[in-house]
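Fold and contact review
In case you want the letters, here they are:
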Amino acid sequence: MSQYKHDYDILRREPAEFRLVTIHSGVSPTPISASLTTHPLKAAPPYDALSYVWGPFDEEDPDFILLDGYPFVVTTNLFRALYSLRREHADRVLWIDAVCIDQNNLNERSSQVQQMRNIYKWAAGTIVWLCDDLPFTSRTFDLLKSVNAGWLGNMDVDLQVLQQSVFDLHQVLKDDAGIRKIVQRGVYGDIAQRDFWSRIWVVQEVALSSNVTVQCGSNEVDWQVFSDTIFLNVQSGNIDEASNMAMATPENVLDIGGLSNIETFSRVRELLSNTSNMRLSDILALLRRSRSTDPRDMIYGLLGLVPSSSIKVNYSQANTKDVYLDLVHQCIAEEKSLDIVTLCRKTSAPSDLPSWVPDWTEPWVMEYDEDYKAMLDPNPPPFPLILKYGSGGLLKQFLAPSNPISSSDTTLQFTAWAADTEIAPSATVDKTNSTLTVRGLSIGNVSNLGEWTYRGADDGEIFFFKLQK
């Protein structure tokens, strides 16, 4: 596809510049026509940022748009998104990473990724593109809007009103087979199965934006409405119970797909607005189920959430081992804690990483039921050695007003775990020799090991694990 490469101009780093793409007005089936412009990041015109999954290119029959009059190849998913986002009578200014960043220029990619925090924070809005119109999408979005309780983030909501809303929805789901079918097909069958929910990049894209819209084809809904409703009804078990009646499985386990991440997305948004000391190790623990095509992006894709981090994006020189080792080094130095080391896992795959460096290239075991299934597997998947973040939660000390329900000045403060509660850990990392030296206390020897066990509802603090010399 080299014949479709675009001739990008050079972006200045000081003052920081970025590109915006204008999607010119039109209607299907006319091709998408677009043009690029360069702007100072702090003096850009109003624009919307796109949050989406790249997906694969069609190698046999490439999808392309006209960019500054020349063919420009895009992935099939982006191609479909642009046709839905294009307006009939007015141009639309967007920031789209695949178009606005010269993906063949590793130095530019590194520089622009470092700016993504501000790109999404300063956008007029962010569009979460999930998919094209699907058979139940329209009715699903109408349902989400109609049953929204609007209570997350709204401390003034009356508790009795909330309880009545939950009860009313529960009754509708139990009594109305049509509504259950919409939930079954639309929420679980369509929306929950989108790859979007497991993509690492979208977390900061959603969390940093003040105005987020979720879109499937021509259907759209405000993020707060979407997340409030899903969180309220999935996490409370209302939709689960009703849907289980409609689509019971032999194992009696309902696949809710990526909807398990909805609470995490909203939690990160809340944490960003209520605390100034978000730690990279905590965010990584919260998002341990997410994935990225480039394993380095498991770290790079979250740096926008922790502006104080000294980790620099470097696609041209740093390999995966360099990035993961540097992560541990920086977390220990900046957080004054060894928490990041507790996220290491056993793995059956060969790895050139030191034993004290977490490997983010393999998926995590997720929910408790999956741990239980893994226990019966003769070759179980990797699992954490010591996990302080049970069920995706942060086992930290939270400082808040005595009555947070009626207060708007809630603040959160994380404290690093320490065995002796007083002495900060002393550790040094030698990146050249890949060694970690820590001060510790000998308490004895391990005489034997038992079998690993199902952790149940114990918040997952401790697993059985082997000590290696």
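The rules behind these values
- Residues numbered from 1 in each chain as written.
- Predicted model: local features only at pLDDT ≥ 70, side-chain atom pairs only at ≥ 80, totals over all residues.
- Heavy atoms only, no water.
- Core = buried A, V, L, I, M, F, W, Y, C linked by side-chain atoms within 4.5 Å.
- Buried < 20%, exposed > 50% of the residue type's maximum accessible area, 1.4 Å probe, protein only.
- Helix = DSSP H or I, 4+ residues; strand = E, 2+ residues; numbered from the N terminus.
- Contact = heavy atoms within 4.5 Å.
- Arc of directions from axis to C-beta.
- Pairing = 2+ DSSP bridges.
- Axes fitted to C-alpha atoms, helices over the stretch in contact; angles between N-to-C directions.
- Expected span 1.5 Å × (residues − 1).
- Polar contact = N/O pair within 3.5 Å; in protein donor to acceptor, adjacent residues only side chain to side chain.
- Phe/Tyr/Trp six-rings, centres within 6.5 Å; stacked < 30°, edge-to-face > 60°.
- Lys NZ or Arg CZ within 6 Å of the ring centre and 35° of its normal.
- Salt bridge = Lys/Arg side-chain N within 4 Å of Asp/Glu carboxyl O.
- pLDDT = per-residue confidence, 0-100.

A few points about the nonpolar core
Formed by 96 residues in total, the largest nonpolar core has its most connected members in Val21 and Trp95. Broken down by element, the residue count for this core peaks at seven residues, all from helix α14 (residues 320-335). With residues up to four places along the chain from it excluded, the contact list for Trp95 reads Phe18, Arg19, Leu20, Tyr47, Asp48, Ala49, Leu50, Cys100, Ile101, Met116, Ile119 and Tyr120.

A word on helix α1 (residues 76-85)
Taken as a whole, α1 has its buried residues at Leu78, Phe79, Ala81, Leu82 and Leu85. End-on, the buried residues of α1 take up no more than an arc of 165°, which puts them together on one face.

Details of the sheet that holds strand β5 (residues 70-74)
What holds strands together in a sheet is hydrogen bonding between their backbones, with the strands either parallel or antiparallel. Reading across from one edge, β5-β4-β2-β1-β6-β3-β7-β8-β9 is the order of the nine strands in this open sheet, with mixed pairing throughout. Two strands lie at the open edges of the sheet, namely β5 and β9 (219-222), each paired on one side alone. Pairwise comparison of adjacent strand axes, ignoring direction, gives a mean angle of 35° for this sheet. As paired elements, strand β2 (residues 33-40) and strand β4 (residues 63-67) share two bridges and run parallel to each other. Within β4, the residue paired with Ala34 across the bridge is Leu67.

Looking at α14
Taking 1.5 Å per residue, 16 residues should reach 22 Å; α14 reaches 22 Å between its end C-alpha atoms and fits that length. Among the residues making up α14, those that are buried are Val323, Tyr324, Leu325, Asp326, Leu327, Val328, Gln330, Cys331, Ile332 and Glu335. Tucked inside the fold, the buried residues of α14 contact α12 (280-286), α13 (297-300), β10 (427-430) and β11 (435-438). One side-chain oxygen at the N-terminal end of α14 lies 3.2 Å from the backbone nitrogen of Lys321; it belongs to Asn319. Count one or two residues on from α14 and you reach Lys336, which has phi positive near 55°.

Quick notes on the pairing of strand β3 (residues 48-51)
Covered by surrounding structure in β3 are Asp48 and Leu50 together with Ala49 and Ser51, the residues of both alternating faces. Where β3 meets strand β6 (residues 92-95), two bridges bridge the pair, whose relative direction is parallel. Among the inter-strand pairings, Ala49 is bridged to a residue of β6, identified as Trp95. As paired strands, β3 and strand β7 (residues 125-131) are joined by four bridges and run parallel to one another. Across the sheet, the residue bridging to Asp48 is Gly125, located in β7.

A short note on the side chain of Arg86
By the secondary structure assignment, Arg86 is in the loop between α1 and β6. A distance of 3.1 Å separates a polar atom in the side chain of Arg86 from the backbone oxygen of Thr30.

Observations concerning the environment of Leu134
With respect to the secondary-structure elements, Leu134 resides in the loop between β7 and α5 (137-147). By relative accessible area, which is 27% here, Leu134 ends up partly exposed. Along the primary structure Leu134 and Asp190 are separated by 56 residues, whereas in three dimensions their C-alpha atoms are 7.4 Å apart. Those residues in contact with Leu134, other than ones at most four positions away along the chain, are Asp190 and Arg194.

Examining the packing of aromatic side chains
For any two aromatic rings, the description comes down to two numbers: the centre-to-centre distance and the angle of the planes. According to the stated counting rule, one finds eight aromatic pairs in the structure shown. Look at Tyr300 and Tyr315: their rings are 5.2 Å apart centre to centre, the planes differ by 80°, and that puts the pair in the edge-to-face class. Placement of Tyr300 in helix α13 and of Tyr315 in the loop between α13 and α14 is noted, with a sequence separation of 15 residues between them. Owing to a relative accessible area of 5%, Tyr315 belongs among the buried residues under this scheme. Members of the aromatic cluster, connected to one another through ring pairs, are Phe196, Trp197, Trp223 and Phe226. Arg109 extends its terminal NZ or CZ atom over the ring of Tyr315, reaching a point 4.1 Å from the ring centre.

Digging into the pattern of salt bridges
Taken as a whole and judged by the stated rule, the model has 12 salt bridges. Measuring nitrogen to oxygen at the nearest pair gives 4.0 Å for the salt bridge that ties Arg199 to Asp97. In this pair, Arg199 is assigned in the loop between α7 (177-190) and α8 (201-207) and Asp97 in helix α2 (residues 97-100), connecting sequence segments 102 residues apart. Under the relative-accessibility criterion, Arg199 is labelled buried at 12%. You can call Asp97 buried: its relative accessible area is 9%. Ionic pairing is found between Asp326 and Lys431, a salt bridge with its closest N-O pair at 3.1 Å.

Considering unusual backbone geometry
The amide bond that connects Glu14 to the next residue, Pro15, takes the cis arrangement and shows omega of -5°. Positive phi is not limited to glycine here, since Asp68 has a value of about 55°. With respect to the secondary-structure elements, Asp68 resides in the loop between β4 and β5. Classification of Asp68 as partly exposed rests on a relative accessible area of 32%. In the Ramachandran plot, Lys336 falls in the positive-phi region, its phi being about 55° despite a non-glycine side chain.

Things to note about the environment of Ser266
Here Ser266 is to be found in helix α11 (residues 262-274). Look at Ser266 and you get buried, because its relative accessible area is 16%. In sequence terms Ser266 and Ser227 are 39 residues apart; their C-alpha atoms lie 7.2 Å from each other. Once you skip the residues sitting within four places of it in the chain, Ser266 turns out to touch Trp223 and Ser227.

Some words on the confidence of the model for the protein
Confidence in the prediction of the protein, expressed as mean pLDDT, is 75, and 67% of residues score 70 or more. Long-range and interchain partners of residues 149-155, a stretch whose pLDDT sits below 50, account for 16 contacts in this model, where long-range means more than four residues apart. Within the model, the stretch residues 366-376 combines pLDDT values under 50 with 23 contacts to residues more than four positions away or in other chains.

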